Structures are given as C-alpha cells and as structure tokens.
Amino acid sequence: MRRRSRGRGRGGGGRGWWRGRNDGQRAGALAARDAAQQAFYELDSAQREVEIAVETVRAAEESATSRQALADFQGLSARIDQVNVGYLAALDVCDLDAPELAPGAAAQAQQRLEQARNELAAKQTELDNFLRRLQPLLDHAEAQLIRVTPAVAKAKQALLGASGALDAVRAAGLRADDLAARLAELAPELTKLNEGAARHGVAATLARAEEVARKADALRVESEQLPERAREIDRRVASLRTRIQALETKAGSVEPTLSELRRRFSAACWQDLQRVPQQTAEAVRTAQARLTEAAKARDEQRWPDATAVIGTVRALLETADGSVAAVADRLRRLNEVERDAQQEIQHARFAVRDAQRLAMAGRQTPDPRHAGPLDAAVGRLDRAVASLEAAGRHPDYWQFLTELDAVRATAAQVVALIRGDLGGSHAGPTPR
C-alpha cells in the first residue's frame, strides 16, 4: 500500500502572524513530517528493489529455498503495508499547513509522525537484512540469467541454420520430408523460448535452449549431408550393377570347370559343388530384383530402406562370388595334389615339426597342452597318407586335402598357444 504524502505548500502565503509556542510546535511537527516522508520514500524504493531481487530469484530457480524467500518477502511486505498505513494516518492527525492550529494539535502530530518515522526506519532495517540474506541466492540467480540470452540466441541461430540447410536440399530437388517434419516439431519449443525465462524459469529455459540447439544442429548436419548421401547411394547402386554383370560373366566358367572335375576326379571331390551354377543364377536374379528396389527407394528418398537393401545385395553377391571362386579353387588344388601329393604332405609335416620344436624350446618334456594336440595331428596326417596310398586309381583327393588342412590348423593353434604363454611370462619383473 503506497501513497505519496501530502506536500507542504497547500494553503500558501506568509504566516508571519504565528506567535509564541504554537509556532515552535508547528516547526517541530513540520520537521517530523519531512523526516517521516523521507523514510517513507526510502522504504518504498528499497521495497521495489527487493521485490525485483525476489522475482529474479524466483525466475532463476524453482526450489524450496526460492519459494521460502518469496513467502518471507510477502510476509515482510504485508508488515510494511501496515506501517505505511500508520504513516498515512499520522499525516491525517492534523493539517500542519492550516493558518491556525488547535492548541496541542501540532505536538500530537509531531509525536505521531516521529513514531511513524521510527516504524518506517525499523522496516527499512528489516528489509536491508532480508536483502542481505537473499544476496547469495540473488548472485546465483543473476549468474543463471546471464546464461539465458546467449543460450536462446544460440538455439535460434541453430534453427536458422537448419532451416537454411533444408531449403538448400529442397532446391537440389530432394524432398527431405522427414527432416522437415522434425524441424516443424521444434516450433513449439521456439515459442516457449520466445516467452522467456520469466514465464518458464531459467533452468527449464536453459535446458530447452540446449536441446533445441542440439536437435537443430543435428538436422542441419543431416541436411547438408543429404545430397552427398544421395550421390553415394547412386554410386553404390551403379557399382553393384557392375558386380552383378561381372558375376554373370564369371558364372559362365562354372559349368565347364565342374565338367572337368566330374571327368577327372571321384564324386566325393566335387559333389558339394553341384548346385553352384543354380545358386549363382538365383543369386544374380535376386540381386537384380533387390537392386531395383534399392533404386526405387532412393528415388523416393527412403534413405534407410535404400541403404539396407544395398547391404543385402552386397552380402548376396559376396556369397555368390565365393561359391564361384570355390569351384575354380577346387580344381586348382586337386590338380596340384594329383600332380605332386608329396608336396602337400611335406608342407603339413613341416608345420607340425615347427610347432614341435617350439614346444620343446627350453624344456626337457613338452607341456601336455601342446604335446597332446600335436601328437593327434601326427596321427591324423599318417592316416591321411595311408588312406591316399591305399585308394588306387581314383583317390578322394579332397578328403585328403581337408585332413591336411586340419593338421596345419592344429599346428598353427598350438604355436599361437605357445606364443601366448611366452608373452604372458614376461608380465612379471625382469630378473637381475
């Protein structure tokens, strides 16, 4: 409750006719009125300052501490209003500017005004103390508020960048509907940012600004990458189309190679490859159909679908390429072992002996973990050689090669185990 106190000048004119004691009482009352008026103005100004400080704290942080500060200030404001009422009532005790005053009126007015000034000063002290206690909260709130403006500006700049990047994508003939929809979802957040921290609080506004900036930046990056993404998918589709054509060409050699395998080697050497021509033809047809799907998804700008289908086509072609290569590799290896089986045997024996020497290095007896697999590999090799020698004119060369491959794999595993053990033995301190 605030009012301007009554001014002095009402009734104007000289009062040289005042006399004696009444003049002295009027002068004292007028001085008391001036002092009370000054205290009233100072209290009113301080109350406005503290009110702004409390509002700053409330806007910066919605917490139990800030709520308690607001409640305390409301109680203090109510007490200040009561003192202001007393001050205004003291002003109305008598008109000190009237030409004549009733005996004792000025003295009574002076007493009431001095009491009002004292009460106003007391509330000024209480208000100063309240502001002193509030200062740490106020400092923190102001530090938070300082962050709001640049954070909101950054979010708006990020949105502007995302919008510009999206416009460029559309100008390049790409719709980017999903990106446009995600950008539109940020419009309500921009509205809240524009409403400010006073309405939504500093912490919520800062969090909102950071989230908007993050999402807008992500949209901008995706938009900027979209034309290159489209070109990359075009390149991958063209590359896979070339691979399909190359596979068709290579597939033409599969049937003649299989014919040679059938003519020269036992069925056990090539039976597992019988379906390669059919599988390759099916792979080519499937790859062509899926590649058409990928091209359609790219034209419709369904980028994830296009990428997924391209990955499927690549895996399909890799499997088919491996199958075609396996036929030619089978004939090559069978030719080599038919021409010189001893070379394959010597390679396998060398691998086992090398592992055995490593297992015995620095030992009187081998570690059972090493000796057991190596002994088993030697036995497996001997049985494979004996089986080949007993097979006659049409041995199962493929089974023989498979066994020798397994022997070499066992030797390699033991070597890796030994080297792992040697590496672990160096983990401790080096002896002097």
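Above: the structure in question.
These remarks concern the structure in this document. All values reported here derive from a predicted model rather than from experimental measurement.

1. Quick look at the overall build of the protein
Move 1: Counting its regular elements, the protein contains 13 helices and zero strands.
Move 2: Walking the protein from its N terminus toward its C terminus, one meets helices and strands in the order α-α-α-α-α-α-α-α-α-α-α-α-α.
Move 3: Here the protein has a C-alpha radius of gyration of 48 Å; the compact-globule value for 432 residues is 22 Å, and the former is much larger.
Move 4: Taking the principal axes of the C-alpha coordinates as reference, the protein spans close to 155 × 70 × 30 Å.
Move 5: Within the protein, the fraction of its 432 residues that count as buried is 37%.
Move 6: Here the contacts in the protein between residues at least 6 apart in sequence split such that 80% fall between residues at least 24 apart.
Move 7: With an accessible surface of roughly 24300 Å², the protein has 52% of that area assigned to carbon and sulfur atoms.

2. Let's talk about the packing of helix α4 (residues 177–184) against helix α7 (residues 202–251)
Move 1: In contact at an axis separation of 11 Å, α4 and α7 are set at 165° when each is read in the N-to-C sense. Relative to α7, α4 is oriented roughly antiparallel. Judged by the twist between their axes, the crossing of α4 over α7 is left-handed. Residues Leu-179, Arg-182 and Leu-183 of α4 lie in contact with α7, whose contacting residues are Leu-219, Glu-222, Ser-223 and Leu-226.
Move 2: For the contact of α4 with α7, the per-class residue count stands at four nonpolar, one polar and two charged.

3. Section: unusual backbone geometry
Move 1: The phi torsion at Ala-176 lies on the positive side, around 55°, for a residue other than glycine.
Move 2: Tracing the backbone shows Ala-176 in the loop between α3 (105–171) and α4.
Move 3: When its relative accessible area of 2% is taken as the criterion, Ala-176 is described as buried.
Move 4: With a phi close to 60°, Gln-301 is a non-glycine residue in the positive phi region.
Move 5: Examined against the element boundaries, Gln-301 turns out to sit in the loop between α9 (276–299) and α10 (303–339).

4. Some details on the pattern of salt bridges
Once their charged atoms are close, side chains differing in charge can pair, the charge on each being opposite to the other.
Move 1: In total, this model carries 32 salt bridges according to the counting rule given.
Move 2: The partner of Glu-228 in a salt bridge is Arg-235, and the shortest N-O contact between them spans 2.6 Å.
Move 3: Arg-264 is the partner of Glu-338 in a salt bridge, and the nearest nitrogen-oxygen pair spans 2.7 Å. On the criterion of sequence distance, the pair formed by Glu-338 in helix α10 and Arg-264 in helix α8 (residues 254–264) is long-range, its members being 74 residues apart.
Move 4: Through salt bridges that share partners, Glu-228, Arg-231, Glu-232 and Arg-235 make up one connected network.

5. Considering α9
Because each turn of an α-helix spans 3.6 residues, side chains separated by three or four positions in sequence point in the same direction.
Move 1: The terminal C-alpha atoms of α9 lie 34 Å apart, and with 24 residues this matches the ideal 34 Å at 1.5 Å per residue to within 8%.
Move 2: For α9, every residue scored as buried is listed here: Val-276, Thr-280, Ala-283, Val-284, Ala-287, Leu-291, Ala-294, Ala-297 and Arg-298.
Move 3: Summarising the contacts, the buried residues of α9 are in contact with α7, α8 and α10.
Move 4: Looking one or two residues past α9, Gln-301 carries a phi angle of roughly 60°, positive in sign.

6. Describing the packing of aromatic side chains
Move 1: In the structure shown here, the tally under the stated rule is four aromatic pairs.
Move 2: A centroid spacing of 6.2 Å and a plane angle of 80° characterise the contact between Phe-265 and Tyr-397, whose relative ring orientation is edge-to-face. Here the residue Phe-265 occupies a position in the loop between α8 and α9, and Tyr-397 occupies one in helix α13 (residues 397–424), the gap between them amounting to 132 residues.
Move 3: Taking the relative accessible area as the measure of exposure, Phe-265 reaches 6% and is therefore buried.
Move 4: An aromatic cluster of at least three residues, connected via ring pairs, comprises Phe-40, Tyr-41 and Tyr-87.
Move 5: Above the face of the Trp-270 ring, Arg-262 is positioned so that its terminal group lies 5.9 Å from the ring centre.
Move 6: The aromatic ring of Trp-398 is capped on one face by Arg-330, whose charged end is 3.6 Å from the ring centroid.

7. Quick notes on the nonpolar core
Soluble globular proteins tend to pack their nonpolar side chains together in the buried interior.
Move 1: Membership of the largest hydrophobic core comes to 108 residues, with the highest contact counts inside it found for Tyr-87, Leu-96, Leu-127, Leu-261, Phe-265 and Phe-400.
Move 2: With 21 residues, α3 is the largest single contributor of residues to this core.
Move 3: Counting residues in each nonpolar core, the second largest holds eight residues, with Ala-355, Ala-411, Val-415 and Ile-418 among its members.

8. Considering the packing of α7 against α10
Move 1: Taken N-terminus to C-terminus, the directions of α7 and α10 make an angle of 25°; their axes are 10 Å apart at the nearest point. Here α7 is positioned roughly parallel relative to α10, judged by the angle of their axes. Crossing angle aside, the handedness with which α7 passes α10 is left-handed. Taken together, the residues of α10 that come into contact with α7 (itself represented by Leu-226, Arg-229, Ala-230, Ile-233, Arg-236, Val-237, Leu-240, Arg-243, Ile-244, Leu-247 and Lys-250) are Trp-303, Pro-304, Ala-306, Thr-307, Ile-310, Val-313, Arg-314, Leu-317, Glu-318, Ala-320, Asp-321 and Val-324.

Reading the values: the criteria
- Residues numbered from 1 in each chain as written.
- Predicted model: local features only at pLDDT ≥ 70, side-chain atom pairs only at ≥ 80, totals over all residues.
- Heavy atoms only, no water.
- Helix = DSSP H or I, 4+ residues; strand = E, 2+ residues; numbered from the N terminus.
- Rg over C-alpha atoms; globule rule 2.2 N^0.38 Å.
- Buried < 20%, exposed > 50% of the residue type's maximum accessible area, 1.4 Å probe, protein only.
- Contact = heavy atoms within 4.5 Å.
- Areas by Shrake-Rupley, 256 points an atom, 1.4 Å probe, with all protein chains shown as cover.
- Axes fitted to C-alpha atoms, helices over the stretch in contact; angles between N-to-C directions.
- Parallel < 35°, antiparallel > 145°, perpendicular 65-115°, else oblique.
- Left-handed = near helix turned anticlockwise from the far one by under 90°.
- Nonpolar A, V, L, I, M, F, W, Y, C, P; charged D, E, K, R; others polar.
- Salt bridge = Lys/Arg side-chain N within 4 Å of Asp/Glu carboxyl O.
- Expected span 1.5 Å × (residues − 1).
- Phe/Tyr/Trp six-rings, centres within 6.5 Å; stacked < 30°, edge-to-face > 60°.
- Lys NZ or Arg CZ within 6 Å of the ring centre and 35° of its normal.
- Core = buried A, V, L, I, M, F, W, Y, C linked by side-chain atoms within 4.5 Å.

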